[in-house]
Amino acid sequence: MNVLEHFSRIRTFVFDVDGVLTDGTVQLLPGGELSRKMSIRDGYALQLAVKKGYRIAIISGGRSESVVTRLNGLGITDVYTGVADKVDRLETYALEHDLQWDQILFMGDDIPDYRAMQLVGLAACPADAAPEIKSISRYISPLAGGAGCARDVIEKVLKLNGDWQLDEGIRAK
(Lines give C-alpha, C1' and ligand atoms only; values in the text may rest on other atoms or scores of the structure.)
Protein backbone atom coordinates (compact mmCIF):
# COMPACT_ATOMS: atom_id res chain seq x y z
CA MET A 1 0.00 0.00 0.00
CA ASN A 2 1.43 3.36 -0.95
CA VAL A 3 1.42 6.28 1.47
CA LEU A 4 -1.41 8.14 -0.30
CA GLU A 5 -3.72 5.19 0.40
CA HIS A 6 -2.93 5.61 4.09
CA PHE A 7 -3.73 9.34 3.87
CA SER A 8 -7.12 8.68 2.28
CA ARG A 9 -8.19 6.51 5.26
CA ILE A 10 -7.48 9.14 7.93
CA ARG A 11 -10.45 10.47 9.92
CA THR A 12 -8.59 11.50 13.09
CA PHE A 13 -5.48 13.65 13.44
CA VAL A 14 -3.36 13.65 16.60
CA PHE A 15 -0.66 16.29 16.96
CA ASP A 16 2.07 17.01 19.45
CA VAL A 17 2.57 20.74 20.13
CA ASP A 18 6.21 21.67 20.65
CA GLY A 19 8.20 20.83 17.53
CA VAL A 20 5.10 20.07 15.45
CA LEU A 21 2.58 22.90 15.84
CA THR A 22 5.43 25.15 17.00
CA ASP A 23 9.03 25.40 15.86
CA GLY A 24 10.16 23.79 19.10
CA THR A 25 11.62 26.91 20.64
CA VAL A 26 10.33 28.90 23.57
CA GLN A 27 10.99 32.52 24.33
CA LEU A 28 11.43 33.33 27.99
CA LEU A 29 9.37 36.35 28.97
CA PRO A 30 9.54 38.45 32.13
CA GLY A 31 7.75 36.68 34.96
CA GLY A 32 8.73 33.23 33.69
CA GLU A 33 6.04 32.94 31.02
CA LEU A 34 7.03 31.03 27.88
CA SER A 35 6.11 32.21 24.40
CA ARG A 36 5.63 29.88 21.42
CA LYS A 37 5.17 30.61 17.71
CA MET A 38 2.52 28.80 15.62
CA SER A 39 1.84 28.90 11.88
CA ILE A 40 -1.34 30.67 10.79
CA ARG A 41 -1.49 28.25 7.84
CA ASP A 42 -1.51 25.27 10.18
CA GLY A 43 -4.33 27.06 12.02
CA TYR A 44 -6.36 27.44 8.85
CA ALA A 45 -6.04 23.73 8.03
CA LEU A 46 -6.84 22.68 11.60
CA GLN A 47 -10.07 24.70 11.74
CA LEU A 48 -11.10 23.54 8.25
CA ALA A 49 -10.61 19.89 9.22
CA VAL A 50 -12.82 20.44 12.27
CA LYS A 51 -15.50 22.10 10.09
CA LYS A 52 -15.35 19.16 7.68
CA GLY A 53 -16.01 16.69 10.51
CA TYR A 54 -12.55 15.29 11.12
CA ARG A 55 -11.54 14.60 14.69
CA ILE A 56 -8.45 16.42 15.98
CA ALA A 57 -6.69 15.71 19.25
CA ILE A 58 -3.68 17.42 20.73
CA ILE A 59 -1.50 15.36 23.07
CA SER A 60 1.39 17.30 24.58
CA GLY A 61 3.73 16.90 27.48
CA GLY A 62 3.99 20.66 27.80
CA ARG A 63 1.58 23.00 29.50
CA SER A 64 0.53 26.35 28.12
CA GLU A 65 -2.78 28.12 28.63
CA SER A 66 -2.11 30.30 25.58
CA VAL A 67 -1.68 27.19 23.41
CA VAL A 68 -4.93 25.72 24.76
CA THR A 69 -6.73 29.03 24.15
CA ARG A 70 -5.40 29.21 20.57
CA LEU A 71 -6.42 25.63 19.78
CA ASN A 72 -9.85 26.01 21.37
CA GLY A 73 -10.32 29.12 19.23
CA LEU A 74 -9.75 26.94 16.15
CA GLY A 75 -12.55 24.62 17.28
CA ILE A 76 -10.31 21.93 18.76
CA THR A 77 -11.77 20.75 22.06
CA ASP A 78 -9.73 17.57 22.59
CA VAL A 79 -6.59 19.24 23.93
CA TYR A 80 -4.56 17.25 26.44
CA THR A 81 -1.55 18.99 27.97
CA GLY A 82 0.85 17.94 30.69
CA VAL A 83 0.58 14.34 29.45
CA ALA A 84 3.29 12.09 30.89
CA ASP A 85 2.22 8.91 29.06
CA LYS A 86 1.12 9.62 25.49
CA VAL A 87 0.39 5.94 24.78
CA ASP A 88 -2.09 5.75 27.66
CA ARG A 89 -3.75 9.05 26.64
CA LEU A 90 -4.00 7.93 22.99
CA GLU A 91 -5.39 4.49 23.88
CA THR A 92 -7.97 6.06 26.19
CA TYR A 93 -8.92 8.62 23.55
CA ALA A 94 -9.32 5.93 20.85
CA LEU A 95 -11.48 3.83 23.18
CA GLU A 96 -13.65 6.78 24.28
CA HIS A 97 -14.39 7.70 20.66
CA ASP A 98 -14.50 4.16 19.19
CA LEU A 99 -11.67 4.99 16.76
CA GLN A 100 -10.02 2.60 14.34
CA TRP A 101 -6.21 2.67 14.56
CA ASP A 102 -5.76 2.61 10.78
CA GLN A 103 -7.82 5.83 10.52
CA ILE A 104 -5.56 7.79 12.89
CA LEU A 105 -2.60 9.95 11.88
CA PHE A 106 -0.19 10.93 14.66
CA MET A 107 2.37 13.63 13.93
CA GLY A 108 5.19 13.85 16.45
CA ASP A 109 8.77 15.03 16.43
CA ASP A 110 10.70 13.60 19.35
CA ILE A 111 11.22 10.63 21.67
CA PRO A 112 8.11 11.19 23.87
CA ASP A 113 5.98 10.60 20.73
CA TYR A 114 7.74 7.40 19.63
CA ARG A 115 5.60 4.70 21.25
CA ALA A 116 2.28 6.43 20.54
CA MET A 117 3.21 6.87 16.89
CA GLN A 118 3.74 3.11 16.58
CA LEU A 119 0.05 2.47 17.37
CA VAL A 120 -1.54 4.42 14.53
CA GLY A 121 -2.23 3.80 10.87
CA LEU A 122 -0.11 6.71 9.70
CA ALA A 123 2.87 7.99 11.68
CA ALA A 124 4.11 11.32 10.33
CA CYS A 125 6.70 13.87 11.36
CA PRO A 126 8.08 17.28 10.40
CA ALA A 127 11.27 17.57 8.35
CA ASP A 128 13.27 18.52 11.44
CA ALA A 129 12.12 15.63 13.67
CA ALA A 130 14.56 13.53 15.68
CA PRO A 131 16.20 10.70 13.70
CA GLU A 132 14.43 8.05 15.80
CA ILE A 133 11.06 9.55 14.88
CA LYS A 134 11.95 9.80 11.21
CA SER A 135 12.89 6.10 11.26
CA ILE A 136 9.34 5.05 12.25
CA SER A 137 7.42 7.64 10.23
CA ARG A 138 5.62 6.48 7.12
CA TYR A 139 5.53 10.13 5.99
CA ILE A 140 8.11 12.86 6.61
CA SER A 141 6.80 16.29 5.70
CA PRO A 142 9.16 18.49 3.71
CA LEU A 143 8.16 21.27 6.13
CA ALA A 144 9.56 21.87 9.61
CA GLY A 145 7.68 22.00 12.89
CA GLY A 146 5.77 25.27 13.23
CA ALA A 147 6.28 25.98 9.52
CA GLY A 148 3.28 24.27 7.96
CA CYS A 149 3.89 20.55 8.52
CA ALA A 150 0.44 20.11 10.12
CA ARG A 151 -1.23 21.81 7.16
CA ASP A 152 0.78 19.56 4.85
CA VAL A 153 -0.75 16.35 6.24
CA ILE A 154 -4.23 17.80 6.76
CA GLU A 155 -4.33 19.19 3.23
CA LYS A 156 -3.34 15.80 1.77
CA VAL A 157 -6.11 14.00 3.65
CA LEU A 158 -8.76 16.58 2.86
CA LYS A 159 -7.83 16.75 -0.83
CA LEU A 160 -7.86 12.96 -1.20
CA ASN A 161 -11.33 12.89 0.36
CA GLY A 162 -12.75 15.83 -1.60
CA ASP A 163 -12.92 18.05 1.49
CA TRP A 164 -10.32 20.69 0.59
CA GLN A 165 -12.46 23.50 -0.78
CA LEU A 166 -12.65 27.22 -0.59
CA ASP A 167 -14.77 28.50 2.26
CA GLU A 168 -18.08 29.95 1.19
CA GLY A 169 -17.75 33.61 0.34
CA ILE A 170 -14.21 33.28 -1.02
CA ARG A 171 -13.85 33.54 -4.77
CA ALA A 172 -11.05 31.82 -6.60
CA LYS A 173 -9.23 34.08 -9.09
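First, a word on scope: everything that follows refers to the structure included in this document. In this text, all values refer to a predicted model and were calculated from it rather than measured experimentally. Residue numbering note: each chain is counted from 1, following its sequence as written. Given that this is a predicted model, residues contribute local features only at a pLDDT of at least 70 and side-chain atom pairs are listed and counted only at 80 or more, while totals for whole chains, interfaces and linings are drawn from all residues. Excluded from the side-chain calculations are hydrogens and water; all other atoms, namely the structure's heavy atoms, are used.

**Details of unusual backbone geometry**
Positive phi values are uncommon outside glycine, yet Asp98 reaches one of about 50°. You can see Asp98 is positioned in the loop between α5 (86-96) and β6 (104-107). Categorising residues by exposure relies on relative accessible area from a 1.4 Å probe, with only protein chains included: less than 20% of the type maximum marks a residue as buried, more than 50% marks it as exposed, and the intermediate range marks it as partly exposed. Overall, the relative accessible area of 64% leaves Asp98 in the exposed class. In this text, helices come from DSSP runs of H or I with a minimum length of four residues, and strands from runs of E with a minimum of two, each type numbered from the N-terminal end.

**Comments concerning empty space enclosed by the protein**
A pocket here means an open set of points on a 1 Å grid, computed over the protein atoms alone, that has protein on both sides within 12 Å along at least five of seven lines. A cavity is instead a set of points where a 1.4 Å probe fits but cannot get out; residues with an atom within 4 Å of a point line either one. Grid points are joined across faces, edges and corners, and a volume is the space filled by probe spheres set on the points. If you walk through the whole model with that rule in mind, you get one cavity of 30 Å³ or more. By volume, the largest cavity is sized at about 30 Å³. Taken together, Val17, Asp18, Arg36, Ser60, Gly62, Arg63, Ser64, Val67 and Thr81 make up the full set of residues lining the largest cavity. Under the scheme applied here, ten amino acids are nonpolar (Ala, Val, Leu, Ile, Met, Phe, Trp, Tyr, Cys and Pro), four are charged (Asp, Glu, Lys and Arg), and all others, including Gly, are polar. Looking at the lining of the largest cavity residue by residue, the class counts come to two nonpolar, four polar and three charged.

**Regarding the packing of aromatic side chains**
Stacked, tilted and edge-to-face are the three classes assigned to paired rings of Phe, Tyr and Trp, where Trp is represented by its six-membered ring and a pair needs centres within 6.5 Å; plane angles under 30 degrees give stacked, over 60 edge-to-face, the rest tilted. One pass over the full model with this rule turns up five aromatic pairs. Ring geometry for Phe13 against Tyr54: centres 6.0 Å apart, planes inclined by 50°, an arrangement best described as tilted. With Phe13 in strand β1 (residues 12-15) and Tyr54 in the loop between α3 (40-51) and β4 (55-59), the pair connects residues that are 41 residues apart, well separated along the chain. With respect to class, Phe13 is no different from Tyr54; both count as buried. Taken together, a centroid distance of 5.9 Å and an interplanar angle of 70° make the contact between Tyr80 and Tyr93 edge-to-face. Within this pair, whereas Tyr80 is found in strand β5 (residues 78-80), its partner Tyr93 is found in helix α5, the two being separated by 13 residues in sequence. Residue classification places Tyr93 among the buried residues on the basis of a relative accessible area of 0%. An aromatic cluster of three or more residues is present, and its members are Phe13, Phe15 and Tyr54. Throughout this description, the term charge over a ring refers to an Arg CZ or Lys NZ atom that lies within 6 Å of the ring centre and within 35 degrees of the ring normal. The ring of Tyr80 has Arg89 lying over it, and the distance from NZ or CZ to the ring centre is 4.0 Å.

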